[in-house]
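# Observations on chain architecture
Residue-level listing of the chains:
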Amino acid sequence: MMWGKKRSDTPTPTPAPVDPAALERAVVEALLIARAAAVVTVANRIVVHALRDNEVFDHDETAAAVRRTLHRLAEEQRAQNTRIAGERAKALRARGRSRHQHDYRPGDDDTLWFRENAYVTVADRLDALRDDPDHVDGIVAAAVERAWGDVGSAVVTRVRARQVVVDDDYRDDKQSRLAGLGDDLAALAARSTTPPTGG
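As the structure is a computational prediction, the values presented were derived from the model and not from experiment. (Residues numbered from 1 in each chain as written. Predicted model: local features only at pLDDT ≥ 70, side-chain atom pairs only at ≥ 80, totals over all residues. Heavy atoms only, no water.)

### Section: the overall build of the protein
For the protein, the helix and strand inventory stands at 6 helices and 0 strands. Across the protein, helices and strands are ordered from the amino to the carboxyl terminus as α-α-α-α-α-α. In the protein, buried positions account for 24% of the 199 residues. In the protein, the proportion of contacts linking residues at least 24 apart, taken out of those at least 6 apart, comes to 74%. (Helix = DSSP H or I, 4+ residues; strand = E, 2+ residues; numbered from the N terminus. Buried < 20%, exposed > 50% of the residue type's maximum accessible area, 1.4 Å probe, protein only. Contact = heavy atoms within 4.5 Å.)

Below is the structure:
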């Protein structure tokens, strides 16, 4: 027996080809999730800038924020690709039984290789979509709609939370208030039918 002999590194086996249809399904799902994340991120930005900073909505600035968000999401996918590539290299050298679901072994090579391909494909597509004005404008529109819904819901919730106290005087004076309203409406109607003078 020879002590201290360094084991020779075995070459990484060529992984099985990735199923294009399965890869496309995974990429499409990931892009839908990324789009939803971008909408939420940009909607939150719109709300904060409008309510806290009292800024007027600017479409071009918001579109730039969408592009930055898509780029950040693409970089996250590339980081995941690098992480999984490291896990795959480690898994190919591992021996024995797996101790938990993230303790990969050589038998997991096809799955990890698929993930590597998915992450890098999603990253490339996100970068391409960042340069697509229609896609960016679609996210801007969805973010504006979500921001408006969030702000509107907050206002409605606050209004509903306030309890209107109706006392006896309020009830007793209802008829006189309504009569006064009728007089005001009649005066407005008369004004609108009277032709303007001067000129």
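### Quick look at the packing of helix H2 (residues 59-93) against helix H3 (residues 109-130)
Axis separation between H2 and H3 bottoms out at 8 Å; the angle between their running directions is 165°. In terms of orientation, H2 lies roughly antiparallel with respect to H3. Considering the relative orientation of H2 and H3, their crossing is left-handed. Class assignment for the residues of the contact of H2 with H3 results in 15 nonpolar, 4 polar and 11 charged. (Axes fitted to C-alpha atoms, helices over the stretch in contact; angles between N-to-C directions. Parallel < 35°, antiparallel > 145°, perpendicular 65-115°, else oblique. Left-handed = near helix turned anticlockwise from the far one by under 90°. Nonpolar A, V, L, I, M, F, W, Y, C, P; charged D, E, K, R; others polar.)

### What about the confidence of the model for the protein?
Predicted coordinates in regions of low pLDDT should not be interpreted in detail. Taken over all residues, the pLDDT of the protein has a mean of 80, while the share at 70 or more is 67%. This model gives residues 1-11 a pLDDT under 50, and the stretch forms 0 contacts once residues within four places in sequence are excluded. (pLDDT = per-residue confidence, 0-100.)

### Topic: the side chain of Glu116
Along the chain, Glu116 turns up in helix H3. Leaving out residues up to four positions away in the same chain, Glu116 has contacts with Asn81, Ile84, Ala85 and Arg88.

### Focus on the environment of Ala63
Within the secondary structure layout, Ala63 lies in helix H2. The buried category is assigned to Ala63, whose relative accessible area is 5%. When the C-alpha positions of Ala63 and His135 are compared, they lie 10.0 Å apart, and in sequence the two are 72 residues distant. Excluding residues within four positions of it along the chain, Ala63 makes contact with Val136 and Val140.

### A closer look at the nonpolar core
Judged by nonpolar contacts, the single largest core of 24 residues is most densely connected at Val66, Leu70, Leu126 and Ile139. Mapped onto this core, the elements with two or more residues apiece are helix H1 (20-51), H2, H3 and helix H4 (133-161). Counting residues per element, this core draws most heavily on H1, at 10 residues. Not counting residues within four places of it along the chain, the set of residues in contact with Leu126 comprises Leu31, Ala34, Leu70, Leu73, Ala74 and Gln77. Grouped together as the second largest cluster of nonpolar side chains are 5 residues, Ile84, Tyr104, Leu112 and Tyr119 included. (Core = buried A, V, L, I, M, F, W, Y, C linked by side-chain atoms within 4.5 Å.)

### With respect to the packing of H1 against H3
Put simply, H1 and H3 touch, their axes get as near as 9 Å, and they point 50° apart. Taken together, the axes of H1 and H3 lie oblique to each other. Crossing handedness for the pair H1 and H3: right-handed. Of the residues in H3, those in contact with Ala22, Leu23, Glu24, Ala26, Val27, Ala30, Leu31 and Ala34 of H1 are Phe114, Asn117, Ala118, Thr121, Val122, Arg125, Leu126 and Leu129. Taken together, the residues of the contact of H1 with H3 sort by class into 12 nonpolar, 2 polar and 2 charged.

### As for H2
Between its first and last C-alpha, H2 extends 52 Å over 35 residues, near the 51 Å set by a 1.5 Å rise per residue. Two or three places before Asp60, at the opening of H2, Asp58 has a side-chain oxygen 3.0 Å from that residue's backbone nitrogen. (Expected span 1.5 Å × (residues − 1). Polar contact = N/O pair within 3.5 Å; in protein donor to acceptor, adjacent residues only side chain to side chain.)

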